[in-house]
Amino acid sequence: MNSNTAYEKVKIARSNKRPTAVDYIDNLLTDFIELHGDRRFADDGAIVGGIARLDGKPITVIGIEKGRNTKERMQHSFGSPNPEGYRKALRLMKQAEKFHRPVLCLVDTSGAYCGIGAEERGQGQAIAENLMEMMTLKTPAISIVIGEGGSGGALALSVSDRVWMMENSIYSVISPEGCASILWKDSAKAADAAENLQLTAQDSMTNGLIEKIIPEEKIGEVEFYASLKQQLIDEFSVLCEMDITELLEQRYQRFRKIGSTEL
Amino acid sequence: MAAFLKFLFQSRNELESGGRNSLPVQGDASEPEKVCPNCHKSIPLSRLWANENTCSCGYHFRMSALQRIAYIADEDSFSEMFSDVSTQDPIHFPGYQKKLELTRISSKEDEAVICGTVRIGGVKCCIFIMEQYFMMGSMGTAVGERITRTFEYASEHRLPVVGYTVSGGARMQEGLFSLMQMAKTSGAVKRHSDLGLFYLVILTDPTTGGVTASFAMEGDVILAEPGATVGFAGARVIEQTTRKTLPKGFQTAEFLLDHGFVDAIAPRTVQKEMIASLLKLHSAGEEDEQ
């Protein structure tokens, strides 16, 4: 189906021509009201979140937004969230839990923001808290990797009941450039690293780490969003029907089995 | 020999009572020595070992997992678990098998964490101690699985968990499988926590990346060894990305204490007592029943 090499996919996943989180929010959902701030420090533009409707029903949506032009990209920190971004996301998830709304996360980041302030405000702690809290969040959650799924910064919004990936998206423990530079002291070998890291959507599917690949033939077009919307409606209706204890047990086992030698 | 033993004991007690700076550095001239990167004195190895790998200036040298067990555990109380869990090499990354083989030979360990049950100050608990000499404590599937099982065992037996972290982060040679261990371990920590059980973390040098962004920061109480580097992104990467000079003491244990991410600094002179006290404060008399 898709004959691009791994590194070609990395480039497609990073392309600024792809729809970003706000495009998905605009086209999949209605009545979106953006909610700002983590109530602790600041509002992080890298995370766009709020309440909207999916097929008429309230839903909480949280997206990592890269921005569509230079000005927007500056506003959104190029899609690299600071700790306050992850704390805003957690605040919105807890709000969703309180009001029994399902959660949709749109993941697109090269990684959590790398900076002095991010470390001072506990980037590691913020991500860690999200991993813990998402695991027991008493409402259904679906995460879709729409572009780059960059390491811990992406995982902090991906401890969900279902994780889907766009056909040309990537999900990786480290950037191929970072991997090549650490292992082979040569970032020019990024293409080799990309191949070996098994970071494509197809690899993730084969490895049993995600539930679905969303085809991209008509990405950004009306039919593309209509199809994706229908899949979300169908999946959320299944998840919302489930007993919450059973849902949480399945979510725990979804991650528990990864790398388990017993199974 | 008796005089030498006496010397060891004496220095140990003096160090423990806080008389660090008054200790002269002595030793057999033929004995191997290590130079302290802080005060630049040469320290005979036997003396270093007798002082829990600390220099008289207070500098904390790194310690292997086995050394830590000897330091922290009540005598003959450690019993290892899950040592048979090893990686399945999930993505067959080139050169990884070879690297594992060499690391196993040189480190004499088979993975980057040792787990088990132990008594500390009489209190029974589960413990995991990461091993820096095994691929800098990087977390792959085996490390994630062993730590997850430790928390599950502790949940089942209603035991507290004491965890020593040291890690370069997720093990890239296991790709996304490594990243997912962050979620898996965090889930097991959360279940243990939701049962009202106590989890104590001791951050040691260095604790970074995916381990910082998961179970290292999820303790009810988080201690850190003096001067330990603790952070998410690597300092060099931050410097290169931001082109800013990093503040003095950036990403040290003391920096995290100042910013509210660590409860207390735990020098090795008092660390065992601190851990034992905290365990007792959370055991509500349960240690008497075991």
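Residues numbered from 1 in each chain as written. Chains lettered and ligands numbered in written order. Predicted model: local features only at pLDDT ≥ 70, side-chain atom pairs only at ≥ 80, totals over all residues. Heavy atoms only, no water.

Enquirer: I'm lost on the overall build of chain A in this one. Help?
Expert: Each helix and strand counted, chain A has twelve helices and eight strands in total. A compact globule built from 263 residues should have a C-alpha radius of gyration of about 18 Å, and chain A, at 17 Å, falls within 12% of that. Overall, chain A is about 50 × 45 × 40 Å in size when its C-alpha atoms are taken along their principal axes. Taken across its 263 residues, chain A has 60% of its residues classed as buried. A separation threshold of at least 6 residues defines the contact pool for chain A, and within that pool the share at least 24 residues apart is 72%. Of the roughly 10400 Å² of accessible surface on chain A, 51% is carried by carbon and sulfur atoms. Averaging the coordinates of the 31 positive side-chain charges in chain A and doing the same for the 38 negative ones gives two points 3 Å apart. (Helix = DSSP H or I, 4+ residues; strand = E, 2+ residues; numbered from the N terminus. Rg over C-alpha atoms; globule rule 2.2 N^0.38 Å. Buried < 20%, exposed > 50% of the residue type's maximum accessible area, 1.4 Å probe, protein only. Contact = heavy atoms within 4.5 Å. Areas by Shrake-Rupley, 256 points an atom, 1.4 Å probe, with all protein chains shown as cover. Lys, Arg positive; Asp, Glu negative; His and termini not counted. Charge placed at Lys NZ, Arg CZ, Asp CG, Glu CD.)

Enquirer: What am I meant to see in the domain arrangement of chain B here?
Expert: The extent of an interface is frequently quoted as the accessible surface area lost upon association of the parts. Residues and elements named next belong to chain B. According to the domain assignment, chain B contains domain 1 (1-61) and domain 2 (62-289). Facing the nine residues of domain 1 at the interface are nine residues of domain 2. Approximately 810 Å² of surface area, both sides summed, lies buried where domain 1 meets domain 2, with 51% of it carried by carbon and sulfur atoms. Together, Glu52, His60 and Phe61 form the three largest contributors to the area buried by domain 1 at its contact with domain 2, with a combined 60%. In this structure, the connection of domain 1 to domain 2 is made through zero salt bridges. Remark: the boundary between domain 1 and domain 2 carries six residue pairs in polar contact (both at pLDDT 80 or more). In terms of residue class, the side of domain 1 that touches domain 2 is made up of three nonpolar, three polar and three charged. (Domains from an automatic or database assignment. Buried area = accessible area lost by both parts, 1.4 Å probe. Salt bridge = Lys/Arg side-chain N within 4 Å of Asp/Glu carboxyl O. Polar contact = N/O pair within 3.5 Å; in protein donor to acceptor, adjacent residues only side chain to side chain. Nonpolar A, V, L, I, M, F, W, Y, C, P; charged D, E, K, R; others polar.)

Enquirer: What is the right way to look at the nonpolar core in this model?
Expert: One broad trend across soluble globular proteins is that nonpolar side chains are buried collectively. If you look at the biggest cluster of nonpolar residues, it comprises 107 residues, and the most contacted ones within it are Tyr171 of chain A together with Phe128 of chain B. Grouped together as the second largest cluster of nonpolar side chains are 27 residues, Leu28, Val48, Trp164 and Leu232 of chain A included. (Core = buried A, V, L, I, M, F, W, Y, C linked by side-chain atoms within 4.5 Å.)

Enquirer: I tried to follow empty space enclosed by the protein on my own but got confused; where do I start?
Expert: It is a probe the size of a water molecule, rolled over the atoms, that shows where empty space is left. Under the defined criterion, the tally for this structure stands at three cavities of 30 Å³ or more. One number sums up the size of the largest cavity: a volume of about 90 Å³. Along its surface, the largest cavity is lined by 14 residues, and Glu119 and Gly122 of chain A together with Met217, Gly231 and Leu256 of chain B are the ones closest to its centre. When contributions to the lining of the largest cavity are tallied by element, the ones reaching two or more residues are α6 (123-135) of chain A together with α9 (253-258) of chain B. The element that contributes the greatest number of residues to the lining of the largest cavity is α6 of chain A, accounting for three residues. Here the residues of the lining of the largest cavity sort into six nonpolar, seven polar and one charged. Around the second largest cavity, the lining residues are Arg62, Met63, Arg68, Met130, Gln132, Val166, Thr204 and Asp205 of chain B. (1 Å grid on protein atoms, 1.4 Å probe; cavity = no way out; pocket = protein on both sides within 12 Å on 5 of 7 lines; lining within 4 Å. Points joined across faces, edges and corners; volume = space filled by probe spheres on them.)

Enquirer: I tried to follow the pattern of salt bridges on my own but got confused; where do I start?
Expert: A side chain with one charge may pair with a side chain of the opposite charge, provided their charged atoms come close. All names here are of chain A. By the definition in use, this model includes 29 salt bridges over all chains. The partner of Asp161 in a salt bridge is Arg251, and the shortest N-O contact between them spans 2.8 Å. Here Asp161 is found in the loop between α7 (151-155) and β6 (162-166), whereas its partner Arg251 is found in helix α12 (residues 244-256), with 90 residues between them in sequence. The residue Arg162 makes a salt bridge to Glu235 at a minimum N-O spacing of 2.7 Å. Residue Arg162 is found in strand β6, and its partner Glu235 is found in helix α11 (residues 222-241); the two are separated by 73 residues along the sequence.

Enquirer: Can you walk me through the sheet that holds strand β7 (residues 199-207) of chain B in this structure?
Expert: In sheet architecture, strand pairing relies on hydrogen bonds along the backbone and comes in two forms, parallel and antiparallel. Residues and elements named next belong to chain B. Read from one edge to the other, the open sheet built from seven strands follows the order β3-β4-β5-β6-β7-β8-β9, with strand pairing classed as mixed. What marks the edges here is a single partner per strand, and that holds for β3 (79-81) and β9 (264-265). Direction of pairing for strand β8 (residues 221-224) relative to β9: parallel, over a ladder of two bridges. Bridge pairing in β9 links Leu223 to Ala264. (Pairing = 2+ DSSP bridges.)

Enquirer: Whenever I open this one, the interface of chain B and chain A confuses me. Can you help?
Expert: Taken together, the contacts link 52 residues of chain B with 47 residues of chain A. Buried surface at the junction of chain B and chain A, summed over both partners, amounts to about 4200 Å²; 72% is from carbon and sulfur atoms. Residue Arg256 of chain A is joined to Glu145 of chain B by a salt bridge in which the shortest nitrogen-to-oxygen separation is 2.9 Å. Inspection of the region where chain B meets chain A yields twelve residue pairs in polar contact (both at pLDDT 80 or more). Looking at the side of chain B that touches chain A, the elements that each hand over two or more residues are α5 (141-156), α6 (175-194) and α8 (235-242) of chain B. Across the side of chain B that touches chain A, the residue classes break down as 25 nonpolar, 18 polar and nine charged.

Enquirer: What should I look at first to understand the packing of aromatic side chains in this one?
Expert: For any pair of aromatic rings, the description rests on two quantities: the centre-to-centre distance and the angle between the ring planes. Residues and elements named next belong to chain B. In this structure the tally under the stated criterion is ten aromatic pairs over all chains. Between Phe128 and Phe215 the ring centres are 5.4 Å apart and the planes differ by 90°, which places this aromatic pair in the edge-to-face class. Highlighted residues: Phe128 in strand β5 (residues 123-130) and Phe215 in the loop between α7 (209-212) and β8, separated in sequence by 87 residues. Ring centres of Phe151 and Tyr199 lie 4.8 Å apart, and the angle between their planes is 85°; on these two criteria the pair is classed as edge-to-face. (Phe/Tyr/Trp six-rings, centres within 6.5 Å; stacked < 30°, edge-to-face > 60°.)

Enquirer: Hey, could you run me through unusual backbone geometry in this one?
Expert: Backbone phi values are negative for most residues with the exception of glycine, while trans is the configuration of most peptide bonds. Residues and elements named next belong to chain B. That bond from Asp205 to Pro206 is cis: its omega, -15°, falls within 30 degrees of zero. Counting through the fold element by element, Pro206 comes out in strand β7. One non-glycine residue with positive phi stands out, namely Asp89, at about 50°. Of note, Asp89 is situated in the loop between β3 and α4 (96-107).

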